[in-house]
Amino acid sequence: MAKLTFPEIRRGVQALSSLYVERRNQLGAGAALTGAGKRAAFAMFYSPLHFLLVREIVRSLDAARSVRAILDLGCGTGIAGAAWALETVPHARVVGVERNSWAASECRWTYEALGIQGSVRAANIEKLRIPPDTAVVAAFTINELDGPVRDRLLQEFLRKSSRGAPVLIIEPIARRLVPWWDGWASQWVGAGGREDSWRFKVKLPERLALMDRAAGLDHKELTARSLWLPGRP
Ligand SMILES: C[S@@+](CC[C@H](N)C(=O)[O-])C[C@H]1O[C@@H](n2cnc3c(N)ncnc32)[C@H](O)[C@@H]1O
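Basis of the calculations
Residues numbered from 1 in each chain as written. Predicted model: local features only at pLDDT ≥ 70, side-chain atom pairs only at ≥ 80, totals over all residues. Helix = DSSP H or I, 4+ residues; strand = E, 2+ residues; numbered from the N terminus. Rg over C-alpha atoms; globule rule 2.2 N^0.38 Å. Buried ≥ 20, exposed ≤ 12 C-beta atoms within 10 Å, placed from the backbone. Axes fitted to C-alpha atoms, helices over the stretch in contact; angles between N-to-C directions. Parallel < 35°, antiparallel > 145°, perpendicular 65-115°, else oblique. Contact = placed C-beta atoms within 7 Å. Nonpolar A, V, L, I, M, F, W, Y, C, P; charged D, E, K, R; others polar. Core = buried A, V, L, I, M, F, W, Y, C linked by C-beta atoms within 7 Å. Left-handed = near helix turned anticlockwise from the far one by under 90°. Expected span 1.5 Å × (residues − 1). Arc of directions from axis to C-beta. Pairing = 2+ DSSP bridges.

### Considerations on the overall build of the protein
Per the secondary structure count, the protein includes 7 helices and 7 strands. Starting at the N terminus, the α and β elements of the protein follow one another as α-α-β-α-β-α-β-β-α-β-α-β-α-β. Taking 17 Å as the expected radius of gyration for a compact globule of 233 residues, we find that the protein reaches 17 Å, a close match to that expectation. Counting only residues that meet the buried cut, the protein has 39% of its 233 residues in that class.

### Looking at unusual backbone geometry
The general pattern is negative phi for most residues beyond glycine and trans for most peptide bonds. A cis amide bond links Val89 with the next residue in sequence, Pro90, at an omega value of -10°. Relative to the elements of secondary structure, Pro90 occurs in the loop between helix H3 (79-87) and strand S2 (93-98). In the Ramachandran plot, Asp62 falls in the positive-phi region, its phi being about 55° despite a non-glycine side chain. Relative to the assigned elements, Asp62 resides in the loop between helix H2 (36-61) and strand S1 (69-73). The phi dihedral of Phe140 is positive, around 60°, even though this residue is not glycine.

### A few points about the packing of helix H1 (residues 6-21) against H2
With their axes 7 Å apart at the nearest point, H1 and H2 run at an angle of 85° to one another. Looking at the two axes, H1 sits roughly perpendicular to H2. Of the residues in H2, those in contact with Glu8, Ile9, Arg11, Gly12, Val13, Ala15 and Leu16 of H1 are Gly37, Lys38, Ala40, Ala41, Phe42, Phe45 and Tyr46. Of the residues in the contact of H1 with H2, the class split is 9 nonpolar, 2 polar and 3 charged.

### Regarding the nonpolar core
Note on soluble globular proteins: their nonpolar side chains tend to be buried together. The biggest cluster of nonpolar side chains holds 48 residues, and the ones touching the most others in it are Val54, Ile70, Trp84, Val136 and Val137. If we ignore the near neighbours within four places in the chain, the residues touching Val137 are Ile70, Asp72, Ala80, Gly81, Trp84 and Leu168. Counting 12 residues, the second largest nonpolar core, distinct from the first, contains Ile9, Phe42, Phe45 and Tyr46.

### Let's talk about the packing of H2 against H3
Running from amino to carboxyl end, H2 crosses H3 at an angle of 40°, the nearest separation of the two axes being 8 Å. Taken as axis vectors, H2 and H3 run oblique relative to one another. For H2 against H3, the interelement crossing comes out right-handed. Residues Ser47, His50, Phe51, Val54, Arg55, Val58 and Arg59 of H2 form the contact with H3, whose own contacting residues are Ile79, Ala80, Ala82, Ala83, Trp84 and Glu87. Looking at the contact of H2 with H3 residue by residue, the classes come out as 8 nonpolar, 2 polar and 3 charged.

### A word on helix H4 (residues 101-113)
Across its 13 residues, H4 extends 18 Å between first and last C-alpha, which sits within 8% of the 18 Å expected from 1.5 Å per residue. Within H4, the full set of buried residues consists of Ala103, Ala104, Glu106, Cys107, Thr110 and Tyr111. The buried residues of H4 occupy one face: seen down the axis, they fall within an arc of 160°. Exposed residues on H4 whose side chains face more than 90 degrees from its buried face are Ser101, Glu112 and Ala113. Considering only its buried residues, H4 is in contact with H2, H3, S2 and strand S3 (118-122). Backbone geometry just downstream of H4 places Gly115 in the positive-phi region, at approximately 70°.

### Focus on the sheet that holds strand S5 (residues 167-171)
Taken together, the 7 strands give an open sheet; going across it, the order is S3-S2-S1-S4-S5-S7-S6, and neighbouring strands pair in mixed fashion. Strands with a single pairing partner mark the edges of an open sheet, and in this sheet they are S3 and strand S6 (194-201). The sheet shows a mean angle of 20° between the axes of neighbouring strands, taken without regard to direction. Where S6 and strand S7 (residues 221-229) come together, 8 bridges link them in antiparallel fashion. Across the sheet, Phe200 pairs through a bridge with Leu222, a residue of S7. Across the sheet, H3 is in contact with S1, S2, S3 and strand S4 (135-139); its angle to S1 comes to roughly 160°.

Okay, structure coming up:
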C-alpha cells in the first residue's frame, strides 16, 4: 500500500479473480504474477485468505502431529507451508519451491515475518524429486501443471506416503477447475488417504473484509477440496 492506492489494489484483486476463474488458459504463461496490482492482490489479499483456509484444513485433519519438515510446492508467498508449520510443536522447518522469482522473495519475507525457519528454492516443480522424511503440501498448484507432470507427481506422492511422509493437496471447490480430481481421489482413497470438501465460516480481519466487499467478492466462507495422506507417524 506504500506504492499503490486502494482502488488500484482492488482492480488487481478483480483482475486476479477473473484470471483464475475465467481466463485460466493464461496462467501457464505466468500472467497471474505480472503487474504491480495483481502482485499486490496476490500478496495481500489471496495469500492471507489461503493462509486462513490452510490453517483450518490442517486443524480439521489433525495434520500437525509429528511433522518436522514441510515441502511447499508452488509456494507462492509461502502461506501454506507457514500455516501448517505454525500449527506444529516445535515448529516444523519449511522449504518452499517456487518458479516465480518475485513470489519466491515474498515467501522469504513471509517466513521471516512469521518467525518460521524456512528457505525458498527458486525451481520448477516439474523436475523436482521430493526428498525423503518431509511432509508435502501443494495448495492451488497442481491445477496449474500439465497432465504428464501431474501424473508423475501423483505417483511420487503415493510412493512418498507409503514410505511414511504425509501429503496434503488443496484445490478449489469448483469442479471445472480440477477435471482430474476424481482420478486422483480414487487412487488416494485406495492408498488409505481421504478426500474432503471444506466450507469454513471465518471472520476476516478488517482489512481483508474491506477489500473483499470493495472488489464485489464474498469470502464469509472459505471453501476448498483436499486430499490427505497421513503417512506413518
Ligand atoms: C495459485 S498459486 C498458489 C500459491 C500458494 N500455494 C497459495 O496457496 O497461495 C500457484 C503457485 O504455483 C507456482 N507454480 C506453478 N507452476 C509451477 C511450477 N511448475 N514450478 C514451480 N512453481 C509453480 C506459481 O508461480 C504460483 O506461485
